[in-house]
Amino acid sequence: RLTLTFDLYNKITKNWLVKAPLEEVYGTNAPYINGGDIDNRGCEIAAGWRDHIGGLKYNINANIAFNHNKVTRIDNSEGIIEGQYDFYGNNDTWYRAQVGYPIGYFYGYKTDGIFQTEADVKAYVNPKTNKEIMPNAVPGDVKFVDLNGNGVIDSNDRTQIGDPHPHYTYGITANLEYKGFDLSVTGIGVGGNQIADALDFSSIMDLYSNYTDAVLDRWHGPGTSNSYPRVVSGASINTQYFSDLYMKSGAYFRISNVTLGYDFKQLFSAIPLRQIRFYITIQNLYTFTKYSGMDPEVGYAPDSWAQ
C-alpha cells in the first residue's frame, strides 16, 4: 500500500551553449558559443498510498524536489557573461551568469523604501563625507542603497537581488473510485524563486498608461507608501535603475487538473464494450500565489536565463 522513493543527484552540464553578448552596432545576430559549466544538485522524494474503504478505492501520491543551481565555470577571464540590456528603458544588464552564482540571477540595485520628505533626502548622506548620496531625489522617489559606500549611486552598487530558479518543486495527485464514479485531482507548485515584474513600474513614466490596482498604493504624500514610488510623466530616477522593486515572489500552488467521470458499463452491463466513460475535466482550476502578474509560470525568452 505504501511506496517511497528517494533520489540524490548531481548533474554537471559542460560547455552549455549561450548566445554571445554583442551590442546592436555590430549589425548581425550574435553567434552561439560555449559558455561554461553548470552544476545542478539536489534530491527528489516521492511517496504514495493506495488503499480502499469498503467499495471506495483511493490512492494519493505526492512528490517534492529540492534543487541547487550554480555556475562552476565561465569560459572567459572575467568569469561573467552579461545578459540582455534595456529592461524597460534601463540601459544596464539586468541578469547575468557568474561563477559561484545561479545561472541568470537577477542583478541590480537594492532599495531602502521611499523618501517621504525633503528632510529624508537631505538626511541620506555618506557618513565619511557628510554629502548627500542622492541630491537630485525628491519626496516620493526610491531610496537606492549605496552598497559600496562611495557616496554615490552607480553601477558598482549592483548585486544579486533575485534568483529565477525554484529552490523546490512539488506536486500531489489524488484518485478516488466508487461504484463507477471516479475523481482525480492534481496540483503542482514551486517556491523560493523570484520573477522580474515590470507590469507596474514600467508605466510609472507615463501618466496615461494602463495600471494594475497596485498603483492605488503609490506614494502621493508623506506616509502614504514606502514601496511604490510617485507617478510622474516622463523618465525619472525611479525607472533609471533595475532594482529589487521589480522582484516578486514566484511561489505558487496550482490545482492543475480536476477530472470527474462515470463508467456507464456499471448500469448497462450487457453492452458489448469494456467501458463507456463520460467525464468532465477542468484545467488550471485555481492558482494560489502572491504574484500580481498574469501567470507565475511566465517566461521571458527562449535564449535568456531568467524570467
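Note: the structure precedes this text.
Residues numbered from 1 in each chain as written. Predicted model: local features only at pLDDT ≥ 70, side-chain atom pairs only at ≥ 80, totals over all residues. Heavy atoms only, no water.

A. Region of interest: the side chain of Asn126. Along the polypeptide, Asn126 turns up in the loop between α1 (118-123) and β10 (142-144). Given the relative accessible area of 3%, Asn126 is considered buried. In this structure Asn126 touches Lys131, Ile133, Asp146, Gly149, Asn150 and Gly151, once residues within four positions along its chain are discounted. (Helix = DSSP H or I, 4+ residues; strand = E, 2+ residues; numbered from the N terminus. Buried < 20%, exposed > 50% of the residue type's maximum accessible area, 1.4 Å probe, protein only. Contact = heavy atoms within 4.5 Å.)

B. View of the environment of Tyr107. Note that Tyr107 resides in strand β8 (residues 105-108). Spatially, the C-alpha atom of Tyr107 lies 7.3 Å from that of Gly162, the residues being 55 residues apart in sequence. For Tyr107, the residues in contact, after removing those within four places along its chain, are Thr93, Trp94, Tyr95, Arg96, Ser155, Arg158, Thr159, Gln160, Ile161 and Phe242.

C. Representation of the packing of aromatic side chains within the structure. Summed over the entire model, instances satisfying the criterion amount to 17 aromatic pairs. An angle of 50° between the planes, with centres 4.6 Å apart, marks the rings of Tyr109 and Tyr241 as tilted. With Tyr109 in the loop between β8 and β9 (111-114) and Tyr241 in the loop between α2 (237-240) and β15 (247-249), this pair connects stretches of sequence that are 132 residues apart. Using a relative accessible area of 1% as the deciding quantity, one classes Tyr109 as buried. On the basis of an interplanar angle of 90° and a centroid distance of 5.1 Å, the ring pair of Tyr262 and Phe264 is categorised as edge-to-face. You can call Phe264 partly exposed: its relative accessible area is 32%. (Phe/Tyr/Trp six-rings, centres within 6.5 Å; stacked < 30°, edge-to-face > 60°.)

D. Representation of the sheet that holds strand β12 (residues 168-178). Taken in spatial order, the 7 strands make up an open sheet running β1-β4-β5-β12-β13-β16-β17, and their pairing is antiparallel. The open sheet terminates on both sides in strands that have one partner only, identified here as β1 (2-13) and β17 (277-289). Adjacent strand axes in the sheet meet at a mean angle of 10° when their direction is disregarded. (Pairing = 2+ DSSP bridges. Axes fitted to C-alpha atoms, helices over the stretch in contact; angles between N-to-C directions.)

E. How the structure looks around the sheet that holds β8. If you walk across this open sheet you meet the 4 strands as β6-β7-β8-β11, and the pairing is antiparallel. Pairing within the sheet leaves two strands with one partner each, and these edge strands are β6 (80-82) and β11 (159-162). Here the average twist between neighbouring strands, direction ignored, is 45°. Two strands pair when backbone bridges link them, and strand β7 (residues 95-98) and β8 are joined in this way by 2 bridges, in the antiparallel orientation. When the bridges of β8 are listed, Arg96 appears paired with Tyr105.

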